[in-house]
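# A structural walkthrough
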Amino acid sequence: MSIGKHLIKYEYIDTITNCNNSVQDTISILPIPYADFYCDKYVVKQDTPITFFNNSSSFVSLTWDFGDNDILIDDFIIQHFYEDTGAYIAKLIVENEYACYDTASANILILPSYIVHIPTAFTPGSNDTLNNSFRPFGEGINSYELTIFNRWGEEIFNEKDTKWDAKNCQEGTYIYVIKILNLKNREFYYRGYVHVIR
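Residues numbered from 1 in each chain as written. Predicted model: local features only at pLDDT ≥ 70, side-chain atom pairs only at ≥ 80, totals over all residues. Heavy atoms only, no water.

We now examine the pattern of salt bridges. Oppositely charged side chains can pair when the atoms bearing their charge come close. Counted according to the given criterion, the structure contains 4 salt bridges. The closest approach of N and O atoms between Asp-40 and Lys-41, which form a salt bridge, is 3.1 Å. With a shortest N-O distance of 4.0 Å, Lys-179 and Glu-187 are connected by a salt bridge. Looking at Glu-187, the relative accessible area reads 45%, which means it is partly exposed. (Salt bridge = Lys/Arg side-chain N within 4 Å of Asp/Glu carboxyl O. Buried < 20%, exposed > 50% of the residue type's maximum accessible area, 1.4 Å probe, protein only.)

Dropping the structure here:
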């Protein structure tokens, strides 16, 4: 049905008595707004800004719902940061002067900006400058505390932000405990085994 006023009529005829009746009324078909937007990025790491661009038409107000409990009203172009990883559905809801609504949505994927790698073996004292000490490495690491135990459970190394070079240690398997602070100062603990190879 096209936009505008339309006369609707309903007629009823009883098949047994052949009596009839009718009722009519006028209905109005109102225009609806059109919601549309796009982003400069749909897959990013944590705390990376995403710019949202409104491309809607026939509206008088709009609301952004980013899917992370953050809602903004009446911004045409907006930058948003997602603090936590995961999949989000960002929505743009537009309204026209007749209180009619339309919604557009897009999937956003936030990857971790904190990634840690812990070697399982290293070769201290070797000419290999890439593998002659032990420490955690990765992305988003603010600081770390490294503790090393020998096979009898005796602590032989404990330092902050310092590599373990296994000086005066024999070849063998050692236990590590690592506490890492990420860029948001959240603590992560890791425990495992590392092999010293000479």
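Further remarks concern the side chain of Thr-147. Counting through the fold element by element, Thr-147 comes out in strand β14 (residues 141–149). The exposure class assigned to Thr-147 is buried, which follows from its relative accessible area of 9%. A distance of 2.5 Å separates the side chain of Thr-147 from the side chain of Asn-158, its partner in a polar contact. Setting aside chain neighbours within four positions, we find Thr-147 in contact with Glu-155, Phe-157, Asn-158, Ile-175, Tyr-176 and Val-177. (Helix = DSSP H or I, 4+ residues; strand = E, 2+ residues; numbered from the N terminus. Polar contact = N/O pair within 3.5 Å; in protein donor to acceptor, adjacent residues only side chain to side chain. Contact = heavy atoms within 4.5 Å.)

As paired strands, strand β1 (residues 4–13) and strand β2 (residues 20–29) are joined by 10 bridges and run antiparallel to one another. Each bridged residue has a counterpart across the sheet, and for Ile-8 the counterpart in β2 is Asp-25. (Pairing = 2+ DSSP bridges.)

Turning our attention to the packing of aromatic side chains. Enumeration according to the criterion identifies 14 aromatic pairs in this entry. Taking 5.9 Å as the distance between ring centres and 40° as the angle between the ring planes, the aromatic pair formed by Phe-59 and Phe-76 counts as tilted. Placement of the pair is Phe-59 in the loop between β5 (50–54) and β6 (61–65) and Phe-76 in the loop between β7 (71–73) and β8 (77–80), with a sequence separation of 17 residues. Taken together through their ring pairs, the aromatic side chains of Phe-122, Phe-134, Phe-157, Trp-164, Tyr-174 and Tyr-176 make up a single cluster. (Phe/Tyr/Trp six-rings, centres within 6.5 Å; stacked < 30°, edge-to-face > 60°.)

Soluble globular proteins tend to pack their nonpolar side chains together in the buried interior. Grouped together as the largest cluster of nonpolar side chains are 19 residues, with contacts concentrated most on Phe-37, Ile-50, Phe-52, Trp-64, Tyr-82, Ile-108 and Ile-110. Residue assignment for this core shows that the elements contributing at least two residues are β3 (37–39), β5, β6, β9 (86–95) and β10 (101–111). For Phe-37, the contacting residues outside a window of four places in its chain are Phe-52, Phe-53, Asn-54, Asn-55, Trp-64, Ala-90, Lys-91, Leu-92, Ala-104, Ser-105 and Ala-106. Of all hydrophobic cores here, the second largest spans 16 residues; its members include Tyr-114, Tyr-144, Trp-164 and Ile-178. (Core = buried A, V, L, I, M, F, W, Y, C linked by side-chain atoms within 4.5 Å.)

Attention now goes to the sheet that holds β3. Within the open sheet, the 3 strands sit side by side as β3-β5-β8. Their pairing is antiparallel. On the outer flanks of this sheet lie β3 and β8, each paired with one strand and no other. Between one strand axis and the next, the sheet turns through 20° on average, direction left out of account. Two strands pair when backbone bridges link them, and β3 and β5 are joined in this way by 3 bridges, in the antiparallel orientation. Residue pairing for β5: Tyr-38 is matched across the bridge by Phe-53. (Axes fitted to C-alpha atoms, helices over the stretch in contact; angles between N-to-C directions.)

Here we come to the sheet that holds strand β17 (residues 187–196). Read across the sheet, 5 strands follow the order β12-β17-β16-β14-β15 without closing on themselves; strand pairing throughout is mixed. Edge positions in the sheet fall to β12 (121–122) and β15 (155–160), since each has one partner strand and no second. As paired strands, strand β16 (residues 172–182) and β17 are joined by 10 bridges and run antiparallel to one another. Each residue of the ladder has a partner; that of Ile-178, found in β17, is Tyr-190.

Moving on: the environment of Asn-127. Of note, Asn-127 is situated in the loop between β12 and β13 (137–139). As for Asn-127 and Leu-109, which are separated by 18 residues in sequence, their C-alpha atoms are 42 Å apart.

The subject of this paragraph is the environment of Lys-163. With respect to the helices and strands, Lys-163 occurs in the loop between β15 and β16. Here the alpha-carbon distance between Lys-163 and Glu-187, two residues 24 residues apart in the chain, equals 19 Å. Here Lys-163 is in contact with Ser-133, Phe-134, Arg-135, Tyr-144 and Phe-157, once residues within four sequence places are set aside.

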